[in-house]
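# Secondary and tertiary structure notes
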Amino acid sequence: MAECHPVGFQWVVEARARGAKVFHIDPRFTRTSAIADRYIPIRAGSDIVLLGALVNHVLTHELDFREYVLAYTNASTIVSEDFQDTEDLDGLFSGFDPETRAYDPSSWAYEGTEEAAAGLRGEQLEGGRHHAEAAGAEQYGSGGAPAPSKSPTDPTLTHPRCVYQVLKRHFARYTPELVAELCGISPEDFAELADAITANSGRERTTAWAYAVGWTQHTVGAQYIRTASILQLLLGNMGRPGGGILALRGHASIQGSTDIPTLFNILPGYLPMPHAHRHEGLDDYLSQAGPDTGFWGRKRSYTVSLLKAWWGDAATEENDFCFDYLPRLTGDHGHYTTVMGQIDGTVKGYFVVGENPAVGSSGGKAQRLGLANLDWLVVRDLTLVETATFWKDGPELQTGEMRTEDIATEVFFLPAASHVEKEGTFTNTQRLLQWREKALEPPGDCRSDLSFYYHLGKRIRQRVGDDEIDRPLRELTWDYPEHGEQREPSGEAVLREINGTGPDGRTLSAYTELKADGSTRCGCWIYCGVYADEVNQAARRKPGSEQTWVAPEWGWAWPANRRMLYNRASADPEGRPWSERKAYIWWDADKGEWTGHDVPDFEKNKPPDYLPPDGALAEAALAGTDPFIMQPDGRGWLYAPAGLADGPMPAHYEPHESPVRNPLYGQQSNPAREIYPRAESPYNPPESPRFPHVLTTYRLTEHHTAGAMSRPLAHLAELQPALFCEVSPLLAAELGLVNGGWATIVTTRTAIEARVLVTDRVRPLRIQGRVIHQIGLPYHWGWGSGGLTTGDAVNDLLPIVLDPNVYIQEGKAVTCDLRPGRRPRGRALLDLIEEYRRG
Amino acid sequence: MAGGKNWISRWPVFRQLMGESGRGDAARSARTDALRPRTEKADSVARSICPYCAVGCGQLVYVKDGRVSQIEGDPDSPISRGRLCPKGSASKQLVTHPGRQTQVLYRRPHGTEWERLDLETAMDMIADRVVRTRRETWQQEDEGKVVRRTMGIASLGGATLDNEENYLMKKLYTALGAIQVENQARI
Ligand code: SF4
């Protein structure tokens, strides 16, 4: 965190000064470790073992916050008799189909709902196959999967099939000994960590976990986070101040890019993209788009208002509000599948906007082969990134695999406006929208991406005819005020459309005002309120020093300016703070409302003793004690009866490429992981002696992503002037590597060279009785981007293998070989890789 | 500065050699006292946000004579309290560095060099290609089901795009029937 979110880390430092104990668990020693009370090195790819052992520790010693667990989680719910665990099936859950390598999750359901689960509505309940096919889990960016809200429970938590007991059996073999064997963490270090987090949780205290892509870029990435969620729910650390699981997102508006997604499988506000084979019309879609109970129960209002925002008066009740204008998915249309489509020639035209896949995505060669096979390519960026210049200076030209003259791709490079030359909002890692004022006009041909897409859209609309296929374009609302000589569209007008308007044409102030009858328009329901009262709330800048510590008047957080989600859980079931120290939101019986330091993430006037009448829908179906309002049952899920493609509970699987055998189950790796069996990007065999080391990639404080925004800057290039690999003194001695000299890192994809940094910061770990070396590589380099420092692209080394829930690639734990000296040039590089592939 | 017989005793080098701290008063000279911060002379100041990581530190962007003269941390921000890390502090260079491209470039199929292209022409050419490719690759049905889409056009965006930009992108692509729309957020 100190490395990659440096200014955010000041709050950790402050907390520590006030007595908080900081643990840092990471394969490499960083500036975070230097300040932490305790640094614990871990083998990359083994975190579920550690987290699972913590869960086991809490359950075995009954250290859970029982009152919280009983009231706010699904611990007491009884699971179907049909469910079989990884303990029963040697690493598989029930419902796995080896042929399609996908789960049918109907047997994971709660008791009494199996039938419903098997047939029913939920795209997610319908079958893991469909779910995995379109990365359905992403839809839960703002809430859970559909599941019946009423199921039998056992509040004594003794029923052998209640979630609590199921969990206990599932994690029983996740012991400190296993942690030592697989993570390389000693039983003493484990005990210190386990004691610290349990002692620091409960009524008076809370513990927070923070993570970044070190937890997500794995074939079991979503389950890493699930394990942490289970732990935090058991300890009562969710929805409470000082608690939570903090996703430290890496880029200025990466949160915004999922909320208003440029992602294939979702629409704004985490509504799913419709699927051809399951969603005929709007009703059909809505019956499967999310649960009917909890706030997802209002999904018709969200969807209809979105369609009204896009197709305006053309969208009417009679024509299903133009629902059939939405194109349909039929499977995985994600980034890596798209690249394969480029190589295979189905994808002809490609827009790359502020992104640099030629060096920034896993399996760089496959990326460049795709680029070289396009009809046309549009690249928009501040500098000439490698993706724009691959035809001129890509590594395949040196090896002779490509010739410039043979590449038929037509390339347009359009220079972009910088962040100070345009207005707009970023959404930071706390869901906070902050408006940027424009400081000056962009130079030359530089334009904002807003301008580019607006004017491109105008031109396209001028070119389309009367054809039926052009109707969605013709009828699209595409009218924004233009400013200045460059005819820049108004960002505020776009933000206002995102916020939404009512029948009177004025902006709405909350998503609860959205209607399903077509009388409201809203471009992204979770952002409704950002333009309340016709005021750009994201532009609010009341100084922090003049506000409470929650600072509600700086920017605007979704939803409804709530700074902490699910904060109803900060009070006990009766609505009183769990303790004075941890008071955040509470019930004021005299006024009949929830009040406190933040906007309550709960209906303001719903009393703690509210019980839903039978058949209630949407939020009315949740009791006054159900804090997790986006979940169909209002509860935190220790066990997920639906919603995940690879199991209702996390299980440890080894990375796709691992030097170690999985001792827990016969199943070595995640059985549902996404594999691309393609020659362009092959895999290292598991436990291969040719690739004995663990490779992990990461970032440095002084650089950003693939370097296009940092390597051309003199100050940053000087601070971190070269690509390096971090190796331990032991490995350096073994291989004859010299500090400051060169090393070549090899996988079956390619070999790259880097300066050697011999350092104690990476420690050899004893895993299953032998020494495993980890090699750390920052991935900021590439050959171009106008860099004052250039180097080989680390991502070229990485395999294309993905998490089945969200299609994120496994970049944080792969295997490699390491050799002293520089890599071969030209053809000889291919010969070296060929030699490795032969084994 | 050189005037007067006491100049040597006021000379920073001398004072520091005599043991005064180089980080306090002894670092000052008449010349440094006369220096004024660039921020004071700015024509305008814009309230902005750092474009690198997701912490979202506040920035104050100072403009003088139509150029960015300084970027500083915004002390009012309850998130960053005026601080910026090395990247945020270097962001003036991000917007002013000489390697920044300000002209449209074009590489024709099989071409070996970049060519210049007028922005308006480039926009027209791109619009032509989108319309053409969309028509050529239009898919009305897939396995008997209506899909109304093109698999011929794809997009990949970075995570420094504004929300408003992502919104127009998703809206336009959806109306075009282009579904292979992806973002750094996946990668
Ligand atoms: S200044 Fe540094 S910590 Fe703050 S947003 Fe920018 S990159 Fe992140």
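Residues numbered from 1 in each chain as written. Chains lettered and ligands numbered in written order. Predicted model: local features only at pLDDT ≥ 70, side-chain atom pairs only at ≥ 80, totals over all residues. Heavy atoms only, no water.

As recorded in an unreviewed UniProt entry, chain B goes by Formate dehydrogenase major subunit and comes from Streptosporangium subroseum. Under Cofactor (unreviewed entry), UniProt gives the following word-for-word description of chain B: "[4Fe-4S] cluster". According to its UniProt record, chain B has this under Subcellular location (unreviewed entry): "Cell envelope". (UniProt positions renumbered as here; feature names shortened; annotations may be inferred.)

You'll find chain A entered in an unreviewed UniProt entry as Formate dehydrogenase major subunit, with Streptosporangium subroseum given as the organism. As stated in UniProt under Subcellular location (unreviewed entry), the record for chain A gives "Cell envelope". Recorded in UniProt for chain A, the comment headed Sequence similarities (unreviewed entry) runs: "Belongs to the prokaryotic molybdopterin-containing oxidoreductase family."

We now examine the overall build of chain A. Scanning chain A from N- to C-terminus turns up 26 helices and 28 strands. Taking 839 residues into account, the globule formula puts the C-alpha radius of gyration at 28 Å, and chain A, at 27 Å, falls close to it. The principal-axis extents of the C-alpha atoms in chain A amount to approximately 75 × 70 × 55 Å. In chain A, buried positions account for 66% of the 839 residues. Contacts spanning at least 24 positions in sequence make up 70% of the contacts within chain A whose residues lie at least 6 apart. Surface accessibility of chain A: about 26,800 Å² in total, with carbon and sulfur atoms responsible for 50%. Separation of charge centres in chain A, based on 82 positive and 112 negative side chains, amounts to 4 Å. (Helix = DSSP H or I, 4+ residues; strand = E, 2+ residues; numbered from the N terminus. Rg over C-alpha atoms; globule rule 2.2 N^0.38 Å. Buried < 20%, exposed > 50% of the residue type's maximum accessible area, 1.4 Å probe, protein only. Contact = heavy atoms within 4.5 Å. Areas by Shrake-Rupley, 256 points an atom, 1.4 Å probe, with all protein chains shown as cover. Lys, Arg positive; Asp, Glu negative; His and termini not counted. Charge placed at Lys NZ, Arg CZ, Asp CG, Glu CD.)

A few words on the overall build of chain B. In terms of helices and strands, chain B carries 7 helices and 8 strands. Whereas a compact globule of 187 residues would reach a radius of gyration of roughly 16 Å, chain B reaches 27 Å, over 25% beyond that. Counting only C-alpha atoms and orienting by the principal axes, one finds that chain B spans roughly 95 × 40 × 30 Å. Across the 187 residues of chain B, 55% fall into the buried class. In chain B, the proportion of contacts linking residues at least 24 apart, taken out of those at least 6 apart, comes to 31%. Element-wise, carbon and sulfur atoms account for 50% of the exposed surface of chain B, whose accessible area totals about 8,300 Å². The distance from the centre of the 30 positive side-chain charges to the centre of the 23 negative ones in chain B is 6 Å.

Think of interface size as the accessible area that goes away when the parts come together; that is how it is often given. Once the domains are mapped, chain B shows domain 1 (4-34), domain 2 (38-96), domain 3 (102-132) and domain 4 (137-187). Placing a centre on the C-alpha atoms of domain 1 of chain B and another on those of domain 4 of chain B gives a separation of 64 Å. (Domains from an automatic or database assignment.)

Residue and element names in this part refer to chain A. Mapped onto the elements of the fold, His780 is located in the loop between β26 (774-778) and β27 (801-802). Separated by 2.7 Å, the side chain of His780 and the backbone oxygen of Thr705 make a polar contact. Apart from residues lying up to four places away in sequence, His780 is in contact with Tyr698, Arg699, Leu700, His703, His704, Thr705, Ala706, Gly707 and Arg711. (Polar contact = N/O pair within 3.5 Å; in protein donor to acceptor, adjacent residues only side chain to side chain.)

On to the nonpolar core, then. In globular proteins that are soluble, nonpolar side chains generally tend to be buried together. Residues and elements named next belong to chain A. With 213 residues, the main nonpolar core has Trp311, Phe351 and Trp525 as its most contacted residues. Of all the elements, helix α3 (residues 47-60) adds the most residues to this core, at 9 residues. Core analysis: the next-biggest nonpolar cluster, separate from the first, contains 25 residues, Leu700, Val756, Tyr779 and Val794 among them. (Core = buried A, V, L, I, M, F, W, Y, C linked by side-chain atoms within 4.5 Å.)

On to the sheet that holds strand β1 (residues 44-49) of chain B. Residues and elements named next belong to chain B. The sheet built from 3 strands is open, its strands ordered β1-β2-β3 with antiparallel pairing. In the strand order of this sheet, the two ends are held by β1 and β3 (67-73), each with one partner. Direction aside, the axes of adjacent strands within the sheet are offset by 25° on average. Where β1 lies against strand β2 (residues 58-64), 6 bridges are found, and the strand directions are antiparallel. Residue pairing across strands places Arg47 opposite Leu60, the latter belonging to β2. (Pairing = 2+ DSSP bridges. Axes fitted to C-alpha atoms, helices over the stretch in contact; angles between N-to-C directions.)

According to UniProt, the feature "domain: Molybdopterin oxidoreductase" (unreviewed entry) maps to residues 14-384 and 414-458 of chain A in the numbering used here. Segment residues 414-458 of chain A splits into 22% helix and 24% strand. End C-alpha atoms: 18 Å apart.

Moving on: the UniProt feature "domain: 4Fe-4S Mo/W bis-MGD-type" (unreviewed entry) in chain B. Listed under "domain: 4Fe-4S Mo/W bis-MGD-type" (unreviewed entry) in the UniProt record, and renumbered for this structure, are residues 43-99 of chain B. The annotated region residues 43-99 of chain B carries 18% helix and 35% strand content, and the separation between its end C-alpha atoms amounts to 26 Å.

On to the environment of Ala315 of chain A, then. All names here are of chain A. Tracing the backbone through its elements, the reader meets Ala315 in the loop between α15 (299-311) and α16 (335-344). With relative accessibility at 2%, the residue Ala315 sits in the buried group. Counting along the chain gives 74 residues from Ala315 to Thr389, while the straight-line C-alpha distance between them is 43 Å. Apart from residues lying up to four places away in sequence, Ala315 is in contact with Leu307, Lys308, Phe321 and Cys322.

We now examine the environment of Glu674 of chain A. All names here are of chain A. As for its placement among the helices and strands, Glu674 is situated in strand β19 (residues 674-675). In this structure the C-alpha to C-alpha distance between Glu674 and Ile800, which are 126 residues apart in sequence, comes to 8.6 Å. Apart from the residues lying within four places of it in its own chain, the contact partners of Glu674 are Asp332, Val801, Leu802, Asp803, Pro804 and Tyr807.

This part covers the UniProt feature "domain: Molybdopterin dinucleotide-binding" (unreviewed entry) in chain A. Mapped onto this numbering, the UniProt entry annotates "domain: Molybdopterin dinucleotide-binding" (unreviewed entry) at residues 694-806 of chain A. In this annotation, residues 694-806 of chain A is assigned 12% helix and 31% strand; the end-to-end C-alpha distance for the span is 24 Å.

Turning our attention to the interface of chain A and chain B. Contacts between the two partners involve 163 residues from chain A and, on the opposite side, 118 residues from chain B. Summing both sides of the interface, chain A and chain B together bury roughly 12,200 Å²; the carbon and sulfur share of this comes to 61%. Taken together, the links from chain A to chain B amount to 15 salt bridges. The interface formed by chain A and chain B includes 80 residue pairs in polar contact (both at pLDDT 80 or more). When residues in the side of chain A that touches chain B are grouped by element, the largest group, 11 residues, is from helix α21 (residues 449-463) of chain A. In this sheet, strand β4 (residues 105-107) of chain B lies alongside strand β11 (residues 410-415) of chain A in antiparallel orientation, the contact comprising 3 bridges. Along β4 of chain B, the bridge assignment pairs Phe413 of chain A with Leu105 of chain B. (Buried area = accessible area lost by both parts, 1.4 Å probe. Salt bridge = Lys/Arg side-chain N within 4 Å of Asp/Glu carboxyl O.)

The next subject is a nonpolar patch on the surface. Residue and element names in this part refer to chain B. Taken together, the side chains of Trp7, Ile8, Trp11, Val13 and Leu17 present a nonpolar region at the surface, about 470 Å² in accessible area. Taken together, the elements giving at least two residues each to the nonpolar patch come down to α1 (7-10) and α2 (12-17). With respect to the secondary-structure elements, Trp11 resides in the loop between α1 and α2. Classification of Trp11 by relative accessible area gives partly exposed; the value is 34%. (Patch = residues over 30% accessible without salt bridge, like charges linked within 9 Å, V, L, I, M, F, W, Y side chains within 5 Å.)

This next bit is on the sheet that holds strand β16 (residues 556-557) of chain A. The strand order β12-β13-β16 (chain A) describes an open sheet built from 3 strands, whose pairing is antiparallel. Two strands close off the open sheet at either side, each with one partner strand: β12 (424-427) and β16 of chain A. Here 2 bridges tie strand β13 (residues 432-436) of chain A to β16 of chain A, and the two strands are oriented antiparallel to one another. Residue pairing for β16 of chain A: Leu433 of chain A is matched across the bridge by Trp556 of chain A. Across the sheet, helix α7 (residues 163-176) of chain B lies against β12 and β13 of chain A, angled at about 95° from β12 of chain A, the strand it touches most.

Taken together, Pro6 and Val7 of chain A together with Cys50, Tyr52, Cys53, Gly56, Cys57, Leu84, Cys85, Lys87 and Gly88 of chain B make up the full set of residues near the ligand. Close to the ligand, residues of chains A and B are found. Looking at the shell around the ligand residue by residue, the classes come out as 8 nonpolar, 2 polar and 1 charged. (Near = heavy atom within 4 Å. Nonpolar A, V, L, I, M, F, W, Y, C, P; charged D, E, K, R; others polar.)

Our next topic: the pattern of salt bridges. Within the structure shown, the criterion is met by 69 salt bridges over all chains. In this structure, Arg36 of chain B and Glu40 of chain B form a salt bridge, with 2.7 Å as the shortest nitrogen-oxygen distance. A cluster of three or more residues bridged by salt bridges with shared partners is formed by Arg459 and Arg463 of chain A together with Glu120, Asp124 and Asp128 of chain B.

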